[in-house]
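Per-entry structural report
This is what each chain is made of:
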Amino acid sequence: MALSVVDLYRDVLPRTNCGDCGFPSCLAFAGMVVAEKHPLDGCPHLAPEVVERCNQELGGQYAAGKWTKRDLAEDALTWARERSASMRLADLPERIGGKLTDEGGEPALHLPYYTASVIIRGDDIVRADGAALTRWEKVFIYNHMAQGGRRMPTGKWKGFEEFPNTVSKVKTMAAHVEAPLVARFCGRIDELRSAAAGMGGEDATGKANSADVAVRFHPFPRVPVMLLFWDEDPEDGFGATAKLLFDETVIEHLDIESIVFLSERLRQMLCDAADEGA
């Protein structure tokens, strides 16, 4: 028999709200056990045999996914793998770049990723230097593989809002990418230049743009990104501004969600690099 939050609270827990479990109430604890798989023995007032009995019931409903929160990253990774499953590794260098190699008798693609590279195998994606890739990064890479683009960048830059079907994501880009970049680098453009250089960014300041700092990044061979940053000018009353531009071919290589992730990841890497160098 499955244990709901109410069942666990009403029939199993002491309902004293003592806080010994680290949560403000027995009901809050029950919610964490059922939805987040928090250990039931975190309540010190339950007999071992009760914990053992309930864990058997909880284990079954966890396995069935009953009442537990969805692991969105894992769901997205499963979908992205399925989406790219029909792609032959041997065809990828012509489409997205990189170099095909032999890994233990199996083909693998070494694909440049900023200043490092990733190794795309039939069953996984890893960084060549052994550093960890997040599941969202793997989702992004699988989507790049599956998108089907072949064209080389043209050098014609566009703002995110200029691409189709981005209306719902423009606010996300502003809130999660542009605003944090402004907050971190306003009045500290030397730190921005240093962080960008450490990520392999190419200085493009003054090249057909008016930005105080312009940097071209190469997340992948056929997916360049341009960051424009204007620092604040208190005398003229202008606040700092950050904007990302993408080559017009980007939607052939990435879907809209992946472009947003790419942007958020670029912001995170820049801020982390600046913090480490501070």
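Residues numbered from 1 in each chain as written. Predicted model: local features only at pLDDT ≥ 70, side-chain atom pairs only at ≥ 80, totals over all residues. Heavy atoms only, no water.

**Digging into the sheet that holds strand 4 (residues 125–127)**
Pairing within the open sheet is antiparallel, and its four strands lie in the order 1-2-3-4. Sheet topology places strand 1 (99–103) and strand 4 at the edges, where each strand pairs with a single neighbour. Direction aside, neighbouring strands of the sheet carry axes that sit 30° apart on average. Note that strand 2 (residues 106–113) and strand 3 (residues 116–120) share five bridges and pair antiparallel. (Pairing = 2+ DSSP bridges. Helix = DSSP H or I, 4+ residues; strand = E, 2+ residues; numbered from the N terminus. Axes fitted to C-alpha atoms, helices over the stretch in contact; angles between N-to-C directions.)

**Some words on the pattern of salt bridges**
Opposite charge on two side chains permits them to pair, given that their charged atoms come into close proximity. For the structure on display, the rule yields 15 salt bridges. In this structure, Asp129 engages Arg127 in a salt bridge whose closest nitrogen and oxygen atoms are separated by 2.6 Å. A cluster of three or more residues bridged by salt bridges with shared partners is formed by Asp7, Arg10 and Asp11. (Salt bridge = Lys/Arg side-chain N within 4 Å of Asp/Glu carboxyl O.)

**As for the domain arrangement of the protein**
We note that the domain assignment places domain 1 (5–64), domain 2 (72–147) and domain 3 (157–277) within the protein. Taking only C-alpha atoms, the centre of domain 1 and the centre of domain 3 are 46 Å apart. (Domains from an automatic or database assignment.)

**Regarding the state of the cysteines**
The full count for this structure, using the stated rule, is zero disulfides. Of all cysteine sulfurs in the structure, the one in Cys26 sits closest to Cys18, which takes part in no disulfide; the separation is 6.1 Å. The thiol sulfur of Cys21 is not disulfide-bonded, and the nearest other cysteine sulfur, from Cys18, lies at 6.3 Å. (Disulfide = S-S within 2.5 Å.)

**Section: the packing of helix 8 (residues 189–198) against helix 10 (residues 256–277)**
Closest axis-to-axis distance for the helix 8/helix 10 pair is 9 Å, and the angle between their directions is 110°. In terms of orientation, helix 8 and helix 10 fall into the roughly perpendicular class. Note on element contacts: helix 10 touches helix 8 through Leu270, Ala273 and Ala274, opposite Glu191, Leu192, Ala195 and Ala196. Of the residues that constitute the contact of helix 8 with helix 10, the class distribution is six nonpolar, no polar and one charged. (Parallel < 35°, antiparallel > 145°, perpendicular 65-115°, else oblique. Contact = heavy atoms within 4.5 Å. Nonpolar A, V, L, I, M, F, W, Y, C, P; charged D, E, K, R; others polar.)

**A look at unusual backbone geometry**
Phi is positive for Lys37, which is not a glycine, with a value near 60°. Mapped onto the elements of the fold, Lys37 is located in the loop between helix 2 (26–36) and helix 3 (48–64). Phi angles above zero are rare outside glycine, and Tyr114 is one such case at about 55°. Looking at where Tyr114 falls in the secondary structure, it is placed in the loop between strand 2 and strand 3. By relative accessible area, Tyr114 is classed as buried at 12%. (Buried < 20%, exposed > 50% of the residue type's maximum accessible area, 1.4 Å probe, protein only.)

**With respect to the sheet that holds strand 7 (residues 213–220)**
Strand order in the open sheet formed by five strands is 5-9-8-7-6, and the pairing between neighbours is antiparallel. Edge positions in the sheet fall to strand 5 (157–159) and strand 6 (202–203), since each has one partner strand and no second. Pairing of strand 5 with strand 9 (residues 241–247) involves three bridges; the strand directions are antiparallel. Bridging across to strand 9, Gly159 finds its partner in Leu245. Contacts from helix 7 (residues 167–185) reach strand 8 (223–230) and strand 9, with the element oriented near 130° to strand 9. On top of the sheet, helix 10 reaches strand 7, strand 8 and strand 9; it is set at about 130° to strand 9, its chief contact.

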